[in-house]
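# Report on the structure
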Amino acid sequence: MTMTQSSPAAMLRGLLALGRISNLPTVWSNCLAGWLLGGAGDWNLLAVVLAGASSLYLGGVFLNDAVDVSWDRRFRPERPIPRGVVSEWLVWALSFALLTSGLLTLSLIHLRLLQLAWGLLLAIVAYNVWHKRIAWAPLLMGLCRGLLVLLAASAAVYGPDGLTVWSAVALGLYVAGLSWIARGESQGGAASYGPSVLLFAPIVLCLLVNDGAYGKQGLLLAFVLFCWLLGCLVTAYGTPVARRKEAVAKLLAGIVLVDLAAVGPAFPDMVLLFPALFLLCLVLQRFVPAT
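Heads up: these notes are all about the structure in this document. Given the structure is predicted, the values throughout are model-derived calculations rather than measurements.

### Notes on a nonpolar patch on the surface
- On the surface, a cluster of nonpolar side chains totalling about 350 Å² of accessible area is made up of Leu163, Val204, Leu208 and Val209.
- The biggest single contributor to the nonpolar patch is helix H11 (residues 201-209), with three residues.
- Mapping valine 209 onto the fold places it in helix H11.

Next up, the structure:
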């Protein structure tokens, strides 16, 4: 190991890469959307949810690299652990600490939210343990994001209702679709077009639920999301395989647009927060890889 590799600056860059912090704005977006769908309410509770969810997310992605270290040494030697920039035991320790602190933070609110937090934690662990072994692992990733929306809605005034559940399902399908595309990219498999259908679930829901006074806004937001997805799919399938990684990064940023389509028509005063998170995600991707 060289001195540069073991320097504090190199370790910090390695930890940022392991944490995939460029995706954190999508976690915050999921929480904000769920909180708004649940009727909003106390901003302090939202802050607690954001802190707990961020901790669970970071713990989950650290766990991903810790579990996959043998595979990464063979197929992704550029990752921080195989390169020797960050030690394996430190990643395990950080994962455990972050997952535990996230669960404890969310337990400060109420029992129902803690139950959902336990469900989210189990889904995170299940995905990381089995995602290289089972073909339907992307559905577990989608479940994680859907539970995040329901968890945040549980901290709001009214809690999750039918629209919240359907929005969580649509988001989960979108994330499962991009996870399948990412799975093919990371494993170097042939392009599979089937999973891309799942990406359009939020658009279908947006068009179905927004009528009357919300019709025009819903149509506009669905169109914006459609255009973004179209560009991502052209990048993924209309160009060489090497650009599928770029498409996956864009699809990850698109999670914020999914949340915007879910809540934008009903909460026009909050709409600007989502484009801000979307742009933040794209900016962070310039410095820290999203995958």
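### Observations concerning the packing of helix H12 (residues 215-237) against helix H13 (residues 244-263)
- With their axes 9 Å apart at the nearest point, H12 and H13 run at an angle of 170° to one another. Considering their axes alone, H12 and H13 lie roughly antiparallel with respect to each other. Contact residues: H12 offers Leu221, Leu225, Trp228, Leu229, Cys232, Thr235 and Ala236, while H13 offers Arg244, Glu246, Ala247, Lys250, Leu251, Gly254, Leu257, Val258, Leu260 and Ala261.
- A class-by-class count of the residues in the contact of H12 with H13 yields twelve nonpolar, two polar and three charged.

### Digging into the nonpolar core
- By size, the foremost hydrophobic cluster in this structure holds 47 residues, and its most contacted members are Leu36, Tyr174, Leu199, Leu251 and Phe274.
- Looking at this core, the elements with two or more residues in it are helix H3 (24-37), helix H9 (137-154), helix H10 (162-187), H11, H12, H13 and helix H14 (273-285).
- Of all the elements, H13 adds the most residues to this core, at 13 residues.
- In contact with phenylalanine 274, not counting residues within four places along its chain, are Ser29, Leu32, Ala33, Leu36, Val256, Asp259, Leu260 and Val263.
- Core analysis: the next-biggest nonpolar cluster, separate from the first, contains 26 residues, Leu56, Leu106, Ala117 and Ala123 among them.

### With respect to the packing of aromatic side chains
- Enumeration according to the criterion identifies four aromatic pairs in this entry.
- Ring geometry for tryptophan 35 versus tryptophan 43: centroids 4.7 Å apart, planes at 55°, classification tilted.
- Relative to phenylalanine 75, the ring of tryptophan 71 lies with its centre 4.8 Å away and its plane at 40°, an arrangement referred to as tilted. Of the two residues, tryptophan 71 and phenylalanine 75 both sit in helix H5 (residues 69-75), four residues apart, roughly one turn of that helix.
- Classification of tryptophan 71 by relative accessible area gives partly exposed; the value is 22%.
- Here lysine 132 stacks its cationic end above the ring of tryptophan 71, 4.5 Å away from the centre of that ring.

What counts, and at which threshold
Residues numbered from 1 in each chain as written. Predicted model: local features only at pLDDT ≥ 70, side-chain atom pairs only at ≥ 80, totals over all residues. Heavy atoms only, no water. Patch = residues over 30% accessible without salt bridge, like charges linked within 9 Å, V, L, I, M, F, W, Y side chains within 5 Å. Areas by Shrake-Rupley, 256 points an atom, 1.4 Å probe, with all protein chains shown as cover. Salt bridge = Lys/Arg side-chain N within 4 Å of Asp/Glu carboxyl O. Helix = DSSP H or I, 4+ residues; strand = E, 2+ residues; numbered from the N terminus. Axes fitted to C-alpha atoms, helices over the stretch in contact; angles between N-to-C directions. Parallel < 35°, antiparallel > 145°, perpendicular 65-115°, else oblique. Contact = heavy atoms within 4.5 Å. Nonpolar A, V, L, I, M, F, W, Y, C, P; charged D, E, K, R; others polar. Core = buried A, V, L, I, M, F, W, Y, C linked by side-chain atoms within 4.5 Å. Buried < 20%, exposed > 50% of the residue type's maximum accessible area, 1.4 Å probe, protein only. Phe/Tyr/Trp six-rings, centres within 6.5 Å; stacked < 30°, edge-to-face > 60°. Lys NZ or Arg CZ within 6 Å of the ring centre and 35° of its normal.

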